[in-house]
Amino acid sequence: MDTSCTFRPLRLPARLTRWLGALALAAVVAGCATHPAPSATAVRLDDTPRIAVISAFAPELAVLLPQVHQPAKHSINGVEFTTGTLEGKPVVVFLSGISMTNAAMNTQLVLDRFNVSHVVFSGIAGGVNPGLHIGDVTVPAQWGQYMEWLMAREDRPGRYSAPAWMKGELTMPAFGMMHPRPVEVRSAAQPQLSKKFWFEADPKMLATARSLQNVGLEHCLAATCLKQRPQLVVGGNGVSGQAFVDNKAFREYAFKTFEANVLDMETAATAMVAHSNGVPYIAFRSLSDLAGGGEGENEMDTFMGLAAANSAKVLRAFLAAWK
């Protein structure tokens, strides 16, 4: 209830003051009653149990939306959600937007407004593992947020130190002054605050991904072909952060420190929201570039279409196999 209304007393005869006060109070009560407090519960737009299929930006979603049967559009906070079926499974498909805040905000939005049973992310990423190549599709078993940094104090040139109270959580090597840290989390299942770096993909969903055979990944885009036939790699680690990484030294650090296969800008944020809500998740990420490890200019602009198509192919194969 809006209680922001106030009164300014006037110097009037007592009887008139009481009469005007009664009128003013009645007006205030009536006026304030027209501004009810907002509901604490968001209204669901659809009650059908659905798999949320998320991509970060338009080229990734463009290869999926035409495959959705009986599409219906819903708009919330400017985000367009498409319900329907994909490979026979009820889905709600949408763009999270690029980077961690958008991914977290809109993953929570879809969980609040639709009956989501599982979360699936499909898109492109930068390759970190030197054994992988552009076009490969990775399905990491867990994701972490590598940019939850401590920016350490430089005590003397090139030497950095952490606050004594923080040293216990700095278990991974630093990149210069930047020390990766776990994030604080809580959930309905575990409401007490705890610290966590890795957010695990759902084991049953991973098992289905491992069962996929002969998906037939693309290796040519128009006249541009890859040197190697792309492969599907299930397992290992992925990391996410707000930066677009195109740096060879940081790529090598990320592989050595996190044993990461890929690096992107959204998945770990979605994974954290899924964990908080107790919703199973998995992510399919195809390499569009080598995060600074390739020869010459960054390759994303050349291969993002091919990579997005390969990720979508594996996603569709997964949905077809999912029971």
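Residues numbered from 1 in each chain as written. Predicted model: local features only at pLDDT ≥ 70, side-chain atom pairs only at ≥ 80, totals over all residues. Heavy atoms only, no water.

### Considerations on the overall build of the protein chain
No. 1: Across its full length, the protein chain carries seven helices and 20 strands.
No. 2: Across the protein chain, contacts joining residues at least 24 apart in sequence account for 77% of those joining residues at least 6 apart.
No. 3: If you sum the accessible surface of the protein chain, you get close to 16,700 Å²; carbon and sulfur atoms cover 55% of it. (Helix = DSSP H or I, 4+ residues; strand = E, 2+ residues; numbered from the N terminus. Contact = heavy atoms within 4.5 Å. Areas by Shrake-Rupley, 256 points an atom, 1.4 Å probe, with all protein chains shown as cover.)

### Observations regarding a nonpolar patch on the surface
No. 1: A grouping of Met151, Tyr160 and Met177 is seen on the molecular surface, where their side chains present a nonpolar patch of about 270 Å² in accessible area.
No. 2: With respect to the helices and strands, the residue Met177 is situated in the loop between β10 (159-161) and β11 (178-180). (Patch = residues over 30% accessible without salt bridge, like charges linked within 9 Å, V, L, I, M, F, W, Y side chains within 5 Å. Salt bridge = Lys/Arg side-chain N within 4 Å of Asp/Glu carboxyl O.)

### Structural notes on the side chain of Ser288
No. 1: One can find Ser288 in strand β20 (residues 281-289).
No. 2: One polar contact links Ser288 to Asp289, side chain to side chain, over a distance of 2.9 Å.
No. 3: Here Ser288 is in contact with Ile124, Ala125, Ile134, Glu299, Met300, Phe303, Met304 and Ala307, once residues within four sequence places are set aside. (Polar contact = N/O pair within 3.5 Å; in protein donor to acceptor, adjacent residues only side chain to side chain.)

### Describing the nonpolar core
No. 1: Judged by nonpolar contacts, the single largest core of 64 residues is most densely connected at Phe81, Val110, Val116, Ile282, Phe284 and Phe318.
No. 2: By residue number, the principal contributor to this core is helix α7 (residues 300-321), which donates seven residues.
No. 3: Leave out the neighbours within four places in its chain, and Val110 touches Ala52, Phe81, Val92, Phe94 and Val116.
No. 4: In this structure, Trp149, Phe197, Phe250 and Leu263 belong to the second largest nonpolar core, which totals 16 residues. (Core = buried A, V, L, I, M, F, W, Y, C linked by side-chain atoms within 4.5 Å. Buried < 20%, exposed > 50% of the residue type's maximum accessible area, 1.4 Å probe, protein only.)

### Things to note about the packing of aromatic side chains
Two aromatic rings are characterised by how far apart their centres lie and by the angle between their planes.
No. 1: Scanning the entire structure with this criterion turns up 13 aromatic pairs.
No. 2: Their ring planes at 45° and their centres at 4.7 Å tell us that Phe81 and Phe94 sit as a pair that is tilted. Remark: Phe94 occurs in strand β4 (residues 89-95) and Phe81 occurs in strand β3 (residues 79-86); sequence separation between them is 13 residues.
No. 3: Joined through ring pairs, the aromatic side chains of Tyr146, Trp149, Phe175, Phe197, Trp198, Phe250, Tyr253 and Phe258 make up one cluster. (Phe/Tyr/Trp six-rings, centres within 6.5 Å; stacked < 30°, edge-to-face > 60°.)

### Focus on helix α5 (residues 248-258)
No. 1: Among the residues making up α5, those that are buried are Phe250, Arg251, Tyr253, Ala254, Thr257 and Phe258. On an axial view of α5, the arc spanned by its buried residues comes to 160°, and they lie on one face.
No. 2: Residues of α5 that are buried in the fold lie against β5 (114-127), β8 (149-151), β11, β14 (198-200), β18 (237-240) and β19 (260-264).
No. 3: Where α5 begins, one side-chain oxygen reaches toward the backbone nitrogen of Ala249, 3.2 Å away; that side chain belongs to Asn247.
No. 4: Once α5 ends, the next one or two residues include Glu259, with phi positive near 50°. (Arc of directions from axis to C-beta.)

### Quick notes on the state of the cysteines
No. 1: Enumeration over the complete set of coordinates arrives at one disulfide.
No. 2: Here Cys220 pairs with Cys225 through a disulfide, and the sulfurs are 1.9 Å apart. Taking the sign of the S-S torsion, about 110° here, the bridge from Cys220 to Cys225 comes out right-handed.
No. 3: When its relative accessible area of 43% is taken as the criterion, Cys225 is described as partly exposed. (Disulfide = S-S within 2.5 Å.)

### Details of the pattern of salt bridges
No. 1: Under the criterion given, the structure shown has eleven salt bridges.
No. 2: In this structure, Lys196 engages Glu200 in a salt bridge whose closest nitrogen and oxygen atoms are separated by 3.2 Å.
No. 3: Overall, Glu200 belongs to the partly exposed group, its relative accessible area being 45%.
No. 4: When the shortest N-O distance is used, the salt bridge between Glu252 and Lys248 registers 2.6 Å. Of this pair, Glu252 and Lys248 both sit in helix α5, four residues apart, which is roughly one turn of the helix.
No. 5: For Lys248, a relative accessible area of 49% corresponds to the partly exposed category.
No. 6: Connected through shared salt-bridge partners, Glu60, Asp264, Glu266 and Arg285 make up one network.

### Observations concerning the confidence of the model for the protein chain
No. 1: The predicted model of the protein chain has a mean per-residue pLDDT of 89, with 87% of residues at 70 or higher.
No. 2: Confidence drops under pLDDT 50 across residues 1-13; counting only partners more than four residues distant or on other chains, this segment forms 14 contacts.
No. 3: This model gives residues 19-39 a pLDDT under 50, and the stretch forms twelve contacts once residues within four places in sequence are excluded. (pLDDT = per-residue confidence, 0-100.)

### What to know about the packing of helix α3 (residues 100-113) against helix α6 (residues 267-277)
No. 1: At a closest axis distance of 8 Å, the pairing of α3 and α6 adopts a crossing angle of 35°. Judged by the sense of rotation from one axis to the other, the crossing of α3 with α6 is right-handed. Residues Met100, Ala103, Ala104, Thr107, Gln108 and Leu111 of α3 lie in contact with α6, whose contacting residues are Ala268, Ala269, Thr270, Val273 and Asn277. (Axes fitted to C-alpha atoms, helices over the stretch in contact; angles between N-to-C directions. Left-handed = near helix turned anticlockwise from the far one by under 90°.)

### Notes on the environment of Glu297
No. 1: Mapped onto the elements, Glu297 comes out in the loop between β20 and α7.
No. 2: Owing to a relative accessible area of 72%, Glu297 belongs among the exposed residues under this scheme.
No. 3: Linking Glu297 and Asp246, residues 51 residues apart in sequence, is a C-alpha distance of 9.2 Å.

### Comments concerning the pairing of strand β1 (residues 46-55)
Residues in a regular strand point their side chains to alternate faces of the sheet.
No. 1: Most of β1 sits out of view: seven of its ten residues are buried.
No. 2: Relative to β4, β1 runs parallel, the two sharing five bridges. What sits directly across from Ile54, in β4, is Phe94. (Pairing = 2+ DSSP bridges.)

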